[in-house]
Amino acid sequence: MAKSAINNVKLGTLVLGGLFFLVLLLYMIGKNRNLFGDTYMLKVQFENIQGLVAGNNVRFSGIQAGTVKKVKILNDTVIEVTMIIDTKMKSIIRKNAVASIGTDGLVGNKVVNIIPDRGPAPLATEGDMLVSKKAVSTDEMLQTLYKTNNDVAVIA
């Protein structure tokens, strides 16, 4: 009887450990951590990340290139975004590429768009810092539209 209880405890521990591992694995895959592919890291600094969070997509000329790994506030005006880029993009992305923040669709998730520059430059390597471009935010466009509508109303 005692041996049966010990076996049940061992079996329960094994099942709980397996469930914990499965939940952890699903969480990591769900957060787009690129567990099974070769990757390298690039960084970019922005003044405003407009709701970008870790796990959002990174695109190079519209092609899925990686994910956002970490968002770190350096000071009151600079936010550093660390990106995990697929190694297959290592021979394409250059140091003079420009990164900006866009949306996935009209009102979708935020994405980091990396756009190549026309000039020659060496290839980007692990830990390089890309240049950022300030993206036009929807709030700024709506404020401009509001002012324009008010001006038209005054004129009319």
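Residues numbered from 1 in each chain as written. Predicted model: local features only at pLDDT ≥ 70, side-chain atom pairs only at ≥ 80, totals over all residues. Heavy atoms only, no water.

1. Describing the pattern of salt bridges
Put simply, the rule is: We define a salt bridge as a side-chain nitrogen of Lys or Arg found within 4 Å of a carboxyl oxygen belonging to Asp or Glu. Secondary structure is summarised from DSSP: a helix means a run of H or I of at least four residues, a strand means a run of E of at least two, and numbering begins at the N terminus for each. For each residue, the accessible area found with a 1.4 Å probe, counting protein chains only, is set against the maximum for its type, and the residue is called buried under 20%, exposed over 50%, and partly exposed in between.
This structure, assessed with the given rule, holds three salt bridges. Glu80 serves as the salt-bridge partner of Lys43, at 4.0 Å between the closest nitrogen and oxygen. Of this pair, Lys43 sits in strand E1 (residues 39-46) while Glu80 sits in strand E4 (residues 79-86), and the two are 37 residues apart along the sequence. Assessed through its relative accessible area of 25%, Lys43 is described here as partly exposed. For Glu80, a relative accessible area of 9% translates into the label buried. Across the salt bridge formed by Arg59 and Asp104, the nearest N and O atoms sit 3.1 Å from each other. Placement of the pair is Arg59 in strand E2 (residues 57-60) and Asp104 in the loop between strand E5 (98-103) and strand E6 (110-115), with a sequence separation of 45 residues.

2. Some thoughts on unusual backbone geometry
Notably, Gln50 is not glycine yet its phi reads approximately 55°, a positive angle. Along the polypeptide, Gln50 turns up in the loop between E1 and E2. With a phi angle near 50°, Ser61 is a residue other than glycine that sits in the positive phi range. Mapped onto the fold, Ser61 is located in the loop between E2 and strand E3 (63-73). For Ser61, a relative accessible area of 46% corresponds to the partly exposed category.

3. Some words on the nonpolar core
The cut-off we apply is this: What we call a nonpolar core is a set of buried Ala, Val, Leu, Ile, Met, Phe, Trp, Tyr and Cys residues that are connected through their side-chain atoms within 4.5 Å. We call two residues in contact when some of their heavy atoms are within 4.5 Å.
One finds Leu42, Val81, Met83, Ile85, Ile93, Val112 and Ile114 to be the most contacted residues of the largest nonpolar core, which totals 23 residues. Counting only elements with at least two residues in this core, the list comes to E1, E2, E3, E4, E5 and E6. Those residues within four positions of Ile114 in sequence are excluded, and the remaining contacts are Val58, Arg59, Phe60, Ser61, Met83, Ile85, Ile93, Ala97, Val98, Ala99 and Leu130.

4. Remarks on the side chain of Lys110
Looking at where Lys110 falls in the secondary structure, it is placed in strand E6. Among the residues examined, Lys110 registers a relative accessible area of 18% and is labelled buried. If we ignore the near neighbours within four places in the chain, the residues touching Lys110 are Gln50, Gly51, Leu52, Asn56, Asn57, Ile101, Gly102 and Thr103.

5. Points about the confidence of the model for the chain
Just so we agree on the cut-off: Known as pLDDT, the predictor's confidence for each residue is given on a scale from 0 to 100.
Of all residues in the chain, 93% have pLDDT values of 70 or greater, and the mean over the chain is 87. The weakest mean pLDDT in the chain belongs to helix H1 (residues 2-30) at 85; the strongest belongs to E4 at 94.

6. Regarding the layout of surface pockets
What counts is decided by this rule: Residues are said to line a cavity or pocket when one of their atoms sits within 4 Å of a point; the points come from a 1 Å grid over protein atoms alone, cavities being sets where a 1.4 Å probe fits but cannot get out and pockets being open sets with protein on both sides within 12 Å along at least five of seven lines. Grid points are joined across faces, edges and corners, and a volume is the space filled by probe spheres set on the points. Gly falls in the polar group here, along with every residue not listed as nonpolar (Ala, Val, Leu, Ile, Met, Phe, Trp, Tyr, Cys, Pro) or charged (Asp, Glu, Lys, Arg).
Of the volumes computed, that of the largest pocket is approximately 220 Å³. Together, 15 residues line the largest pocket, and Phe46, Glu47, Asn48, Lys133 and Lys134 are the ones closest to its centre. The set of elements that each furnish at least two residues to the lining of the largest pocket consists of E1 and E5. Looking at the lining of the largest pocket residue by residue, the classes come out as four nonpolar, seven polar and four charged.

7. Some words on the sheet that holds E4
To be explicit about the condition: By definition, two strands form a pair when at least two bridges between them are found by DSSP. Axis definition: a line fit to C-alpha positions, over the contact stretch in the case of helices; interaxial angles, taken between N-to-C directions, run 0 to 180 degrees.
Within the closed barrel, the seven strands sit side by side as E1-E4-E3-E2-E6-E5-E7. Their pairing is mixed. Adjacent strand axes in the sheet meet at a mean angle of 40°, parallel and antiparallel pairs treated alike. Pairing analysis gives seven bridges linking E3 to E4, with the strands arranged antiparallel. Across the sheet, Ile73 pairs through a bridge with Ile79, a residue of E4.

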